[in-house]
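Read off the chains here:
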Amino acid sequence: MAMRSDDWQSSRAAGVNPAQFAILALLEGRPEGMGVKEIAASVLVSQPSATDSIAALERKGLVEKRPDPADLRALRILCTPAGLDLVQVERGRPGTAERAADALEPDMQEQMLLALIAMIRQLQENGDIPIQRMCVSCRYFSPFAHADAAKPHHCNFVDAAFGQKDLRIDCREHETADPSLRAATWSAFSKDHSHPPGQ
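Throughout, a residue's number is its position along its own chain's written sequence, starting from 1. This being a predicted model, a pLDDT of at least 70 is required before a residue's local features are given, and a value of 80 or more before pairs of side-chain atoms are given or counted; all residues contribute to the totals for chains, interfaces and linings. Hydrogen atoms and water are omitted, and side-chain values are computed over all heavy atoms in the structure.

Student: An account of the pairing of strand E1 (residues 63–68) is requested, with residue identities and associated values reported.
Tutor: Sheet faces and side chains relate simply in a regular strand, where the side chains alternate between the two faces. Taken together, the six bridges between E1 and strand E2 (residues 71–79) define a ladder with antiparallel strand orientation. Residue Asp68 lies in a different strand from E2, and its bridge partner there is Asp71. The turn joining E1 and E2, which pair antiparallel and follow one another in sequence, is formed by two residues. Criterion used throughout: strands pair if DSSP finds at least two bridges between them. Each helix corresponds to a stretch of at least 4 residues labelled H or I by DSSP, and each strand to a stretch of at least 2 residues labelled E; elements are numbered beginning at the N terminus.

Okay, here's the thing in structure tokens:
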């Protein structure tokens, strides 16, 4: 309820409806844009509903359509600078759920993040949602590549070690690993999570 309320407040402040705001937030960080079908699947609406929302956003100057270089019969939907500004302003305001999470002890925050990652992965594996831009589904992610308990993981995109609390659920640099690599990565990532954080 808190997250739904946050979404409504953000969309109202932005002058769009929640579905339109979800599309803008989805397109942020995707300079190559997305196809209408892909957008519909990602925000869990029908393709006609996504088309209507995109048309409304285009009229407001918040998105634009461009030919898909890979298929000139198809279109890519991109955020305009005005659309990006709008999303970034609203995302810069911590919501109710974010403030509640920030009030938790660090270990509890980490446990919650790990549980959320596991839930999202399960939804992906069940085919209920598209692949999300998480570390655990990215070809650049190497779990527990380092002995340092504070920074056990490695991102091969930036060539840097990082810790559990820095795991991402939506990363702009994400590139989906092939299914066999995703399975192997998840096996390596999840094998040590029977121990409390820091142990």
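Student: Summarise the pattern of salt bridges; cite the residues concerned and give the values.
Tutor: In the sections that follow, a salt bridge refers to a side-chain nitrogen of Lys or Arg positioned within 4 Å of a carboxyl oxygen of Asp or Glu. A full pass over the atoms with the stated rule returns 10 salt bridges. Where Glu58 meets Lys65, a salt bridge forms, and the shortest distance between an N and an O atom there is 3.4 Å. The buried label applies to any residue whose accessible area, calculated with a 1.4 Å probe on protein chains only, is under 20% of its type's maximum; exposed applies above 50%, and partly exposed to all values in between. Since its relative accessible area comes to 35%, Glu58 is described here as partly exposed. A network of salt bridges, in which partner residues are shared, links Glu38, Asp68 and Arg76.

Student: Tell me what's going on with the packing of helix H2 (residues 18–27) against helix H5 (residues 81–91), and back it up with residues and numbers.
Tutor: In the contact formed by H2 and H5, the axes pass within 9 Å of each other and the chain directions differ by 100°. Between H2 and H5, the angle is such that the two are roughly perpendicular. Where H2 abuts H5, its residues Phe21, Leu24 and Ala25 lie against Gly83, Leu86, Val87, Glu90 and Arg91. Residues are sorted three ways: Asp, Glu, Lys and Arg are charged, Ala, Val, Leu, Ile, Met, Phe, Trp, Tyr, Cys and Pro are nonpolar, and all the rest, Gly among them, are polar. Here the residues of the contact of H2 with H5 are counted per class, giving five nonpolar, one polar and two charged. Throughout, an axis means a line fitted to C-alpha atoms (over the contacting stretch in the case of helices), and angles, computed between N-to-C directions, take values from 0 to 180 degrees. For this classification, under 35 degrees means roughly parallel, over 145 means roughly antiparallel, 65 to 115 means roughly perpendicular, and everything else is oblique. The contact rule is simple, with two residues in contact once any of their heavy atoms fall within 4.5 Å.

Student: Quick rundown of the packing of aromatic side chains? Include the residues and the values.
Tutor: Think of it this way: a Phe, Tyr or Trp ring, Trp meaning its six-membered ring, pairs with another when their centres are within 6.5 Å, and the plane angle makes it stacked under 30 degrees, edge-to-face over 60, tilted otherwise. With the rule as written, the count across this model stands at five aromatic pairs. Both rings, one in Phe141 and one in Phe189, keep their centres 6.0 Å apart while their planes meet at 65°; by these two values the pair is edge-to-face. Of this pair, Phe141 sits in strand E3 (residues 141–142) while Phe189 sits in helix H8 (residues 179–190), placing them 48 residues apart in sequence. Residue classification places Phe141 among the buried positions, given a relative accessible area of 6%. Aromatic side chains Trp186 and Phe189 sit 5.5 Å apart centroid to centroid with 40° between the ring planes, which places their arrangement in the tilted category. Here Trp186 and its partner Phe189 are both found in helix H8, three residues apart, which amounts to about one turn of the helix. Ring-pair connections join several aromatic residues into one group, and the members of that group are Phe141, Phe144, Phe162, Trp186 and Phe189.

Student: How would you explain the side chain of Thr185 if you had to name every residue and give the values?
Tutor: Looking at the element boundaries, Thr185 is found in helix H8. Assessed through its relative accessible area of 6%, Thr185 is described here as buried. Residues in contact with Thr185, not counting those within four places in the same chain, are Val136, Phe141 and Pro143.

Student: Outline the sheet that holds strand E4 (residues 153–155), supporting the account with residue identities and numerical values.
Tutor: Spatial strand order, E3-E4-E5: three strands in an open sheet with antiparallel pairing. Each end of this open sheet is capped by a strand with a single partner; those strands are E3 and strand E5 (160–162). Bridge analysis of E3 against E4 gives two bridges, and the strand direction is antiparallel. Counted as the bridge partner of Phe141 is Cys155 from E4.

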